[in-house]
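Below, each chain spelled out in residue letters.
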Amino acid sequence: MSGYTGRLRRDSGHSTLLVPILLGGVLIAYFGVPFVTFLLRTGHADVLAGLAEPGAQAAIRHSLLTATIATVVATGLGVPLAYVLARRSFAGKRLLEGLVVLPLVLPPVVAGAMILTAVGRFTPLGSTLAAVGVSPTQSLFGVVLAQTFVAAPFVVVTARAGFAAVDERLERASRSLGYTPLETFRYVALPLARGAVLAGVTLTFARAMGEFGATYMVASNPRTMPTYLWVEFIKGGLDSTVPVALALLAVTLLVLGVVQWFGRVPAVIDR
Amino acid sequence: MTLEVDGLTHRYGNEPALEDVSFEIDAGEVVGLLGPSGCGKTTTVQAIAGHVSPTEGQVRLRGRNVTTDPPETRDVGVVFQESTLFPHMTVGENVAYGLRPAGYGPDERAAIVDRYLELVSLSDQREAMPAALSGGQKRRAELARALAPQPEVLLLDEPLSALDRGLRDRLREEIARIQRETGVTTLYVTHDQETAMALADRLVVMNDGQVAGVGRPRELYESPPTPFVASFLGRSSQVPVTPPGDPGLTLAARALAGDGGDRPETDVTCLVRPDDVTLDENGGAGEAHALSGDVARAVDMGTHYEVRVELDAGGELAVETRAEPPQAGERVVARVDRDDLLLFGN
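Rules used in this analysis
- Residues numbered from 1 in each chain as written.
- Chains lettered and ligands numbered in written order.
- Predicted model: local features only at pLDDT ≥ 70, side-chain atom pairs only at ≥ 80, totals over all residues.
- Heavy atoms only, no water.
- UniProt positions renumbered as here; feature names shortened; annotations may be inferred.
- Helix = DSSP H or I, 4+ residues; strand = E, 2+ residues; numbered from the N terminus.
- Buried < 20%, exposed > 50% of the residue type's maximum accessible area, 1.4 Å probe, protein only.
- Contact = heavy atoms within 4.5 Å.
- Core = buried A, V, L, I, M, F, W, Y, C linked by side-chain atoms within 4.5 Å.
- Buried area = accessible area lost by both parts, 1.4 Å probe.
- Salt bridge = Lys/Arg side-chain N within 4 Å of Asp/Glu carboxyl O.
- Polar contact = N/O pair within 3.5 Å; in protein donor to acceptor, adjacent residues only side chain to side chain.
- Pairing = 2+ DSSP bridges.
- Axes fitted to C-alpha atoms, helices over the stretch in contact; angles between N-to-C directions.

- Per an unreviewed UniProt entry, chain B is named Molybdate/tungstate import ATP-binding protein WtpC, and its organism is Halapricum hydrolyticum.
- Here is the UniProt Sequence similarities (unreviewed entry) comment for chain B, exactly as written: "Belongs to the ABC transporter superfamily. Sulfate/tungstate importer (TC 3.A.1.6) family."
- UniProt lists a comment for chain B under the heading Catalytic activity (unreviewed entry), and it reads "tungstate(in) + ATP + H2O = tungstate(out) + ADP + phosphate + H(+)".

- As annotated in an unreviewed UniProt entry, chain A carries the name ABC transporter permease and comes from Halapricum hydrolyticum.
- Check the Sequence similarities (unreviewed entry) section of the UniProt entry for chain A; it says "Belongs to the binding-protein-dependent transport system permease family."
- Under the heading Subcellular location (unreviewed entry), UniProt records this for chain A: "Cell membrane".

### Some words on the overall build of chain A
Logical step 1: Broken down by element type, chain A carries 13 helices and zero strands.
Logical step 2: Starting at the N terminus, the α and β elements of chain A follow one another as α-α-α-α-α-α-α-α-α-α-α-α-α.
Logical step 3: Counting every position in chain A, which comprises 271 residues, the buried fraction comes to 38%.
Logical step 4: For chain A, restricting intrachain contacts to residue pairs at least 6 apart in sequence, the fraction spanning at least 24 positions comes to 73%.

### Some thoughts on the nonpolar core
Soluble globular proteins tend to pack their nonpolar side chains together in the buried interior.
Logical step 1: Counting 53 residues, the largest nonpolar core has Phe163(A), Leu3(B), Phe23(B), Ile48(B), Phe86(B), Leu155(B) and Leu187(B) as its most contacted members.
Logical step 2: Looking at which element gives the most residues to this core, the answer is helix 3 (residues 54-87) of chain A, with six residues.
Logical step 3: Each residue touching Leu187(B), except ones within four places of it in the same chain, is listed here: Phe23(B), Ile25(B), Val31(B), Leu33(B), Val45(B), Ile48(B), Leu154(B), Leu155(B) and Leu156(B).
Logical step 4: Counting 32 residues, the second-largest nonpolar core is a separate cluster that includes Val79(B), Ala141(B), Ala148(B) and Ile175(B).

### Side note on the interface of chain A and chain B
Logical step 1: Taken together, the contacts link 16 residues of chain A with 22 residues of chain B.
Logical step 2: Per-residue buried area on chain A facing chain B is highest for Ser176(A), Leu177(A) and Tyr179(A); these three make up 34% of the total on that side.
Logical step 3: For the pair chain A and chain B, the number of links is one salt bridge.
Logical step 4: Note that Glu72(B) is salt-bridged to Arg175(A), the shortest N-O span being 2.6 Å.
Logical step 5: Our count for the chain A to chain B interface comes out at seven residue pairs in polar contact (both at pLDDT 80 or more).
Logical step 6: For the side of chain A that touches chain B, the elements supplying multiple residues, two or more each, are helix 8 (168-176) and helix 9 (181-192) of chain A.
Logical step 7: Top element by residues in the side of chain A that touches chain B is helix 8 of chain A. It accounts for seven residues.

### Considerations on the sheet that holds strand 7 (residues 153-157) of chain B
Residues and elements named next belong to chain B.
Logical step 1: Read across the open sheet, the six strands follow the order 6-7-8-3-9-10; overall the sheet is mixed. If you trace the sheet from one side to the other, it starts and ends with strand 6 (76-79) and strand 10 (210-215), each paired once. Going from strand to strand, the sheet's axes swing by 20° on average, the running direction of each strand aside.
Logical step 2: Pairing of strand 6 with strand 7, which is carried by four bridges, proceeds in the parallel orientation. The residue of strand 7 that forms the bridge with valine 76 is valine 153.

As structure tokens, this is what we get:
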């Protein structure tokens, strides 16, 4: 008996952890090495001079603006949808869910092409918008369209998982205590799913900041940080990407940090 | 009448859950809704609270038909089987939660929270988070939260089932006290007949989605309307009944004869409570109101002995006795008072 439990304990203590440590270690190393080699490059490049370029500053402004708008839009439209998907069953729900994750599995360039077929300059929607003075391509509005399309699924999928984890009986209790469904969402479901919703918002923002493929298709101008980086890379090679790439990294990490701090989001999984 | 449930019928898809359930609760009354798991108790409660829309039938509160009203307009307090305290609010905030929609201002709310926390002896836990409470404290906090807005009806859905026995008994006393002090009209749902009999002024016994009996606990126990109620409220053994003339079954035969004449063709079910039987080691079969048999086993239950008698006429009779019991294998005669027989025409 004691030999058996002793063996069990030894197994769970060491050898069972050995395999994930080895396998995960390879992955972590693979994440880490390019990061370090890239940072080592900063010595060769004049970061401050690169960031002082008017083009770089415009790209940073554009990215911050468009990614923020895309995140707000995705959150405003996506969180209620996530709640409905977590709570209700209805005909065609699977189809709807498939549609929500479609942008996640679609190559961003294809997403961009699809957006162009819907709102491009010579489409009915695109020409109508252009007629009232809103250009859906080659504009910051176009950037927002591309970023929202590609990044919104993150907040929907993550928030949906968060709402699904909230015990439905708590919402029933709230209803029986006199609160309408909307108030119950506001006071019970949303606060309890806050961690997941904020995680989704963060992922969406990070994805929107980094969005390149669809953005380049829909609005290669005005430049965002990723499209500016691409142009710089073509013009001047790897070293010329370093300043804005560092800025992109810094801004994204800063926002992640701030949101996590205010939301107190546990590392990856909520509780 | 504070609450009337009238002809409630509900199906989940094609699965029938409730079949024509009707009962009423008077102001200040405690009614126990009693029945085995899956008999439709919880569906009934959900329909009263408004979390389930019944397929047919009506729920009326003070004469007002609320069947299609949403839960938030019903003025019905609910305590669920599992804890539903909001984990992101303190105990005090939980108790105050229902007071804002009820229209109380901040000062009134604070005073009411004080009063109800005191009522359930949780004044010291006001600032605690629910996760820090014990199982019993959670139940009391939920009771306070449900009572604070002063609902017309309080629904308690198996509030003690998840607790261990000692705590359950103590909380049962406490619920009885709180109910007396507040006078709130209460529907107490449980599968535990002991709890139901201890707390309720009246019982509604449910079986298989239907009402099997309604009445005062003592009445239902002593003269149950159906064999189901008899077997669910307390224990009983079924005694075989065959037409009179069979010497082994004089008990039932005589009982029937005493019940108003010779009805040999009537199909009858006869039940006997274990504590209504006395055992006698002497005396022959054929005696009035007596059944003979062999003792199958006798078990010491601490407060009494539990004896199982294998009847000559077939079947087994459970007997509760405080006297030294006969040994397994001994011949015995079991006697039952005529008035204690529970007879049901099928």
